[in-house]
Amino acid sequence: MPYAKRRRLVTSAVALTLGATTLAACGSDSGDSETESGPVSLTYWTWTPGMDKVVDLWNKGPGKKDQITVTVKKQASGDTLVTKILTSHKAGKAPDLVQAEYQALPTLVSNDALADISKTVGEAKDRFADGVWQQTTLGTDAVYAVPQDIGPMMFYYREDLFKEYGLTVPTTWDEFAETARKLKKAAPDKDLTTFSANDSGLFAGLAQQAGAKWWTTSGDQWKVAIDDAATQKVAKFWGGLVEEGAIDNQPMYTPAWNKAINTGKQIAWVSAVWAPGTLTTAAPDTKGKWAMAPLPQWSASENRTGSWGGSSTAVTTDSKHQEAAAKFATWLNTDSDALNALAKESGIYPAAKNAQTSGAFLKPPAYFSNQADFYTKAADIAETTAPSAWGPNVNVAYTTFKDAFGAAAKNKSDFGAALKKMQADTVADMKKQGFEVAE
């Protein structure tokens, strides 16, 4: 690989970004780790509910035949788990397998915590959309994880209220803006949707759809392009709608937001495939009144979506059984029985294409019983997932987003300035941690 292998391990349980100065620490070659014969015992750190029941299928089936036993250790999710993995890796005691969100992979790889398992899992590539698989390769020839679940973004709307106000489902973002204005004119007390500054993952997914690549590498250097033209376009669009009052500017997932969704004060939501679960709780009185459509596009000729959420199964460099661990990771995320169990026990939307319209996904979510083709349409949308480009300090960028965009949304001020702040803080943090950043 073209990158120099230079790493600096985490020294603080809080600072997730104290990683290597380059992306490609590359990890160990999975083919070099199988030095023992006989029974193999693996440990898997995951936060997914019901995973122990899914793993039981492996231990009683393929794993038993191959003499590979996996033990699940339930963990917290998000930054807490990343910190724990890196701390354990520093001591040489990381588990064999870890669940990792896609945006966390560069941090773990930069710290040489994840193995390159391409020799074992490479044939699984065709089971996933290109934009999904790319997130586990970080744009290299290596493979650092197997995709597990994804969050392709979609547009949700109150079908009954769109009809009542004579609104057409927008297919472009320009149409989206006009729909917001038309609704506001017809019903000043209602909003099409809100811009939520609490949800950095939503904004990242919208930028991804627009073609943004916030972090990239060249040789030994990182390039940070959070303030690129694509993201500027997204920020200007949403900032303009907030400033003119065409949409609301309040955060989501609050009691006020739940009430607005449940009562029809807000009649649409830009979200992801997991939205039915949220709506079931937030808007129980509107079950059967919503419909889902593809995300609006920046031009009529485009057809792509962004991601909001999702995770993968990775093998650590500390594992003494990397090949066996990679076999399990592949089975977990491609085997039909495993995927059906993941859907049933864990409620995930699988990354594997073959599972998106079978098993638990043959029928629509109960909340969307009125849309029989919900999962068929969702699978088509998932296939259009745009490539992403994560970096080693996503947490810093996300924190700045919440602060800077939170103030801009509240004050209806310049979203462009907030984006520049996000760029500057991210670059400053990377330099502080010793990363080489191209100017």
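To keep things clear, this report deals only with the structure shown in the data block. (Residues numbered from 1 in each chain as written. Predicted model: local features only at pLDDT ≥ 70, side-chain atom pairs only at ≥ 80, totals over all residues. Heavy atoms only, no water.)

### As for the overall build of the chain
- Secondary structure assignment for the chain yields 17 helices and nine strands.
- In summary, the chain has a C-alpha radius of gyration of 22 Å against a globular reference of 22 Å for 439 residues, a match within 12%.
- Reported as C-alpha extents along the three principal axes, the dimensions of the chain are approximately 70 × 50 × 40 Å.
- Residues classed as buried in the chain amount to 58% of the 439 residues present.
- When the accessible surface of the chain is summed, it comes to about 17,600 Å², and 49% of that surface belongs to carbon and sulfur atoms.
- In the chain, the 45 positive side-chain charges and the 48 negative ones have mean positions that sit 4 Å from each other. (Helix = DSSP H or I, 4+ residues; strand = E, 2+ residues; numbered from the N terminus. Rg over C-alpha atoms; globule rule 2.2 N^0.38 Å. Buried < 20%, exposed > 50% of the residue type's maximum accessible area, 1.4 Å probe, protein only. Areas by Shrake-Rupley, 256 points an atom, 1.4 Å probe, with all protein chains shown as cover. Lys, Arg positive; Asp, Glu negative; His and termini not counted. Charge placed at Lys NZ, Arg CZ, Asp CG, Glu CD.)

### Describing the nonpolar core
- Membership of the largest hydrophobic core comes to 143 residues, with the highest contact counts inside it found for F195, W214, W215, W238, V270 and F405.
- Counting residues per element, this core draws most heavily on helix α16 (residues 394-411), which supplies eight residues.
- Look past the residues within four positions of F405 in its chain and what remains in contact with it is F195, A197, F203, A235, T400, F415, A418, L419 and M422. (Core = buried A, V, L, I, M, F, W, Y, C linked by side-chain atoms within 4.5 Å. Contact = heavy atoms within 4.5 Å.)

### A closer look at the pairing of strand β6 (residues 221-224)
- Side chains of β6 alternate between two faces, with W222 and V224 buried and Q221 and K223 left unburied.
- Relative to β6, strand β5 (residues 215-218) runs antiparallel, the two sharing four bridges. Pairing of S218 across the sheet is with Q221, part of β6.
- Hairpin geometry of β5 and β6 is characterised by an intervening segment of two residues between the two adjacent antiparallel strands and by a positive phi of about 65 degrees at G219. (Pairing = 2+ DSSP bridges.)

### Thoughts on helix α14 (residues 336-346)
- Those residues of α14 not exposed but buried are A338, L339, A341, L342, A343 and S346.
- Capping the start of α14, D335 holds a side-chain oxygen 3.0 Å from the backbone nitrogen of D337, two or three residues further along.
- Just downstream of α14 lies G347, where phi reads positive at about 70 degrees. (Polar contact = N/O pair within 3.5 Å; in protein donor to acceptor, adjacent residues only side chain to side chain.)

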